[in-house]
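Here is how the chains run, residue by residue.
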Amino acid sequence: MSASSLNSAEEPLLATLALFAGMADAAQRSAAMHALAQHLRATDLILFIQDHELGVLLPAPGFPQTLPQGRLWRAFLAACAPNHIHRGDLPLPPTATMTPAMGITAADGSVLVVFGEQPSPGDIRVVGALLPLLAATLRSEQQAAAAMAQARVARASAAQAGEVAKALDHTQYALQRAVHEATLAHQATQAERDRLQQVLDVLPEAVVVADAQGHFLHANHAAHELLGVNISGLRAPLTEDETFVRYGTRHVDGSPLISQDTPLYRAVFHREAVHGAQLVVRHAGDGRDVPILANSAPLWDADGHSVGGVLVFQDISKIKDLERQKDEFLAIVSHDLNNPLTAILGHAQLLLRRARRLVGADDMKIMEGLTMISEAARRMTEQVAELLDGSRLEIGQPLDLNLAPTDLVPLLADLVSEYGDSSPRHAVQLETDCSTLSITADRARLYRALANLLANAIKYSPGGDVIILALAVEENGAGIWAVIQVSDHGIGIPAEEVPKVFERFYRASNVGRITGSGVGLAGVRQIVEHHGGSITMSSEPCVGTTVTVRLPLPNLQGGSVSTKQAQP
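One structure accompanies this document, and this report is about it. (Residues numbered from 1 in each chain as written. Predicted model: local features only at pLDDT ≥ 70, side-chain atom pairs only at ≥ 80, totals over all residues. Heavy atoms only, no water.)

**Examining the packing of helix α12 (residues 443–459) against helix α13 (residues 520–530)**
Where α12 contacts α13, the axes come no closer than 9 Å and their chain directions differ by 145°. Handedness of the crossing formed by α12 with α13: left-handed. Of α13, the residues touching α12 (which contributes Arg445, Leu446, Arg448, Ala449, Asn452, Leu453 and Asn456) are Gly520, Leu521, Val524 and Ile527. Of the residues contributing to the contact of α12 with α13, the split by class is 6 nonpolar, 3 polar and 2 charged. (Axes fitted to C-alpha atoms, helices over the stretch in contact; angles between N-to-C directions. Helix = DSSP H or I, 4+ residues; strand = E, 2+ residues; numbered from the N terminus. Left-handed = near helix turned anticlockwise from the far one by under 90°. Contact = heavy atoms within 4.5 Å. Nonpolar A, V, L, I, M, F, W, Y, C, P; charged D, E, K, R; others polar.)

**Comments concerning the sheet that holds strand β13 (residues 426–432)**
Across the sheet, which stays open at both edges, the 5 strands sit in the order β13-β15-β16-β18-β17 with mixed pairing between neighbours. In this open sheet, the two strands that pair with only one neighbour each are β13 and β17 (534–540). Averaged over all adjacent pairs, the angle separating strand axes in this sheet is 15°, with direction ignored. Bridging between β13 and strand β15 (residues 465–476) involves 7 bridges; their strand directions are parallel. The partner of Gln429 across the bridge, within β15, is Ile468. Strands β13, β15 and β16 (479–487) of the sheet are contacted by helix α11 (residues 408–420), whose axis makes an angle of about 170° with β13. (Pairing = 2+ DSSP bridges.)

**Some thoughts on the sheet that holds strand β4 (residues 97–105)**
Spatially, the 5 strands line up as an open sheet ordered β2-β1-β5-β4-β3, and their pairing is antiparallel. The sheet is open, and its two borders are formed by β2 (56–59) and β3 (85–92), each paired with just one other strand. Taken pair by pair, the neighbouring strands of this sheet meet at an average axis angle of 35°, ignoring direction. Both β3 and β4 contribute to a ladder of 8 bridges, which runs antiparallel. Bridging from a neighbouring strand, Ile85 pairs with Ile104 of β4. Against the sheet, helix α3 (residues 70–78) makes contact with β1 (42–51), β2, β3, β4 and β5 (111–116), and its axis sits at roughly 170° relative to β3, the strand it touches most.

**A closer look at the side chain of Thr432**
One can find Thr432 in strand β13. In this structure the side chain of Thr432 is engaged in a polar contact, spanning 3.1 Å, whose partner is the backbone nitrogen of Cys434. (Polar contact = N/O pair within 3.5 Å; in protein donor to acceptor, adjacent residues only side chain to side chain.)

**Looking at the nonpolar core**
One finds Leu47, Phe48, Phe63, Trp73, Val113, Phe115 and Leu131 to be the most contacted residues of the largest nonpolar core, which totals 45 residues. The element best represented in this core is helix α4 (residues 121–153), accounting for 8 residues. If we skip the residues at most four places from it in the chain, Val113 touches Asp44, Leu45, Ile46, Phe48, Trp73, Phe76, Leu77, Leu90, Ala101, Met102 and Gly103. (Core = buried A, V, L, I, M, F, W, Y, C linked by side-chain atoms within 4.5 Å. Buried < 20%, exposed > 50% of the residue type's maximum accessible area, 1.4 Å probe, protein only.)

**Structural notes on the environment of Ala472**
Along the chain, Ala472 turns up in strand β15. Judged by its relative accessible area of 37%, Ala472 is partly exposed. Sequence separation of Ala472 and Ala482 is 10 residues, and the distance between their C-alpha atoms is 6.0 Å. If near-sequence neighbours (up to four positions away) are discounted, Ala472 is found in contact with Leu437, Trp481, Ala482 and Val483.

**A short note on the packing of aromatic side chains**
Within this structure, the stated rule accounts for 3 aromatic pairs. With 5.7 Å between their ring centres and 40° between their planes, Phe48 and Trp73 make a pair best called tilted. Of this pair, Phe48 sits in strand β1 while Trp73 sits in helix α3, and the two are 25 residues apart along the sequence. Assessed through its relative accessible area of 2%, Trp73 is described here as buried. Joined through ring pairs, the aromatic side chains of Phe48, Trp73 and Phe115 make up one cluster. (Phe/Tyr/Trp six-rings, centres within 6.5 Å; stacked < 30°, edge-to-face > 60°.)

In C-alpha cells, the structure reads:
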C-alpha cells in the first residue's frame, strides 16, 4: 500500500479532530457544528451535557435549547448509557419531523445525538473519545456565561468568572494538545509502515496481502518481479477463468486450478493455512511459466475477526531444473544398468537349464550357485525397473504398461510360494473364495507391487506371526472391483502418519533400525493408480497393518470370476 493511500486513510481522523477543536471556540461553533454533521454524513446533531446541579442532560451552549415533544427526548436520553450507542426516532427541531437518530454516549455521560445516516464505526470511536473534552469545554463555557450574568448583578462574582474563563482556556488548550499528539502518533505510525514496506521489498520471497473481500492491498517488489505485473489494488480472481486467464495459475502437471483452491483464497475466505503448495503461474511480461512454492495464512485483528490473508511464494524454477536433471540421470542409469542385468539373468538361466541335465554332487552345488545368481539378478532387475518407474513419475511421464489378461489367483499363489519360505518366523497364507479372477493388467509390475507389500509385511513384523494375503470381489456404485488385502500383526504406524506413507522417501517415525528407502509404497501406489485402481492403509501401532488394493473389473475388460465350492 502506498504512502499516499495511507495518508488519505488518516485524513478523516484529522478532520474530525479539527472540527471538534473548532466547536470549542464559541465564535466558530455554529460553522464547526454543521461541518461536523456533514463530515459524519448526518443531517444535524445536538450535544447534551450533564447539569450537575439539576442532575439532568441539557443541550450544550450553541445548540437548540427548546426541543419539541420533550417526553420523547427525555425517554431517548434516559436510555443512553455511558460508552454505548442508542438508536431511535426523534422529532428534529424546529420542524418536529420524526428522524432516525443515534445517541453516542461518552464516559462522562455527555451524549451526542446524530440525525440521519449513521457514522462509521471509526468515526464513532473518535467521537466517543473526544466528547468528554468538548463537553468539559462547553460546560466551562456555560459556567463562565452564568458567572458573567451574575457579574452584571454583582461585581463580586467577577473573580469567579475569571476563574471559569481560565478553566475554559485550559480545556481548550488540552483539546488542541490532543489534536497535536494525535497528529504526531499518525506520523509515527506512517514512519513504521514505511519501514515495514522497506523490509518487505528487500525480501527475496514474494509477499502479497489481501483484505477480507479479496482485494490485493500490497504486493512487494519480489511479487512484481515474479508475476511481471503490479497487482496492488486489484481484486483476487474468484472464478476458474479469471485464475487461468489473468495469471495462468494451474497445477504443476498443467491441470486447471479453480480459484477456490488457490492458497490465498483458502486463507481469506476459508480461514485456512496452506503450506508447501506447488503451482505454476504465467509471467505477464514474457509469458513464460514459473513454478512456485506457495504458503498462505489468514490475518486477524485484535478482536479475533478475520481481516484478510497473506500469501508468500517463491520461484522454484532452479530447483525443478535440478530435480528434472536428477530424474533424467536416474532414468538413464536405470536403463543402462538394466541391459547388463538382463544379460546376466539370461545367461544364468541358460546355464541353470544345462546344469539340471547333469548329475552329481558338484553339479548340484553349481545349480545352487546359478540359482542364487539368477534370483539375485532377477531381484536387481526388478529394483532397477522400480527405480526407472519412479524416475518416470518424477518427471511427469506415465508408465508404459504392458497390458494383458491376467489371472489374479495364480499370481497371488506365486507370491505366497515365493515369500512363504523367506522367513522361518512368518507364515504367509492366501485366503480367497475365487478359483479364477481375470483382469487386464501389466503382470510384471502388478506382481512387483504386491511383492513389495508382502515384503513390507514381513520386514515390519519382526516378531513373526501370520501374514494374510486375501482376494475378494466387491461391487459398489462405482463398479466391480478385485480387492486384494495384505494384513500383518507387526509394529503398525501412528495414525497421523498413515496419509503420508505413500509419499516418496517418507518413512514412519517408529521404524527404528529397520532399513528401507521409503520409495517402495510410492511405487506401489503409482502402479495401482496407473491400472485405474486405488490403495489405502489402516494401521495401529503394536497391533498391525492392513493395506487394501482395489483394481477395477469393468465389463470392457472381460473380467471373469469363478468361486470355489465350499468344502464339507
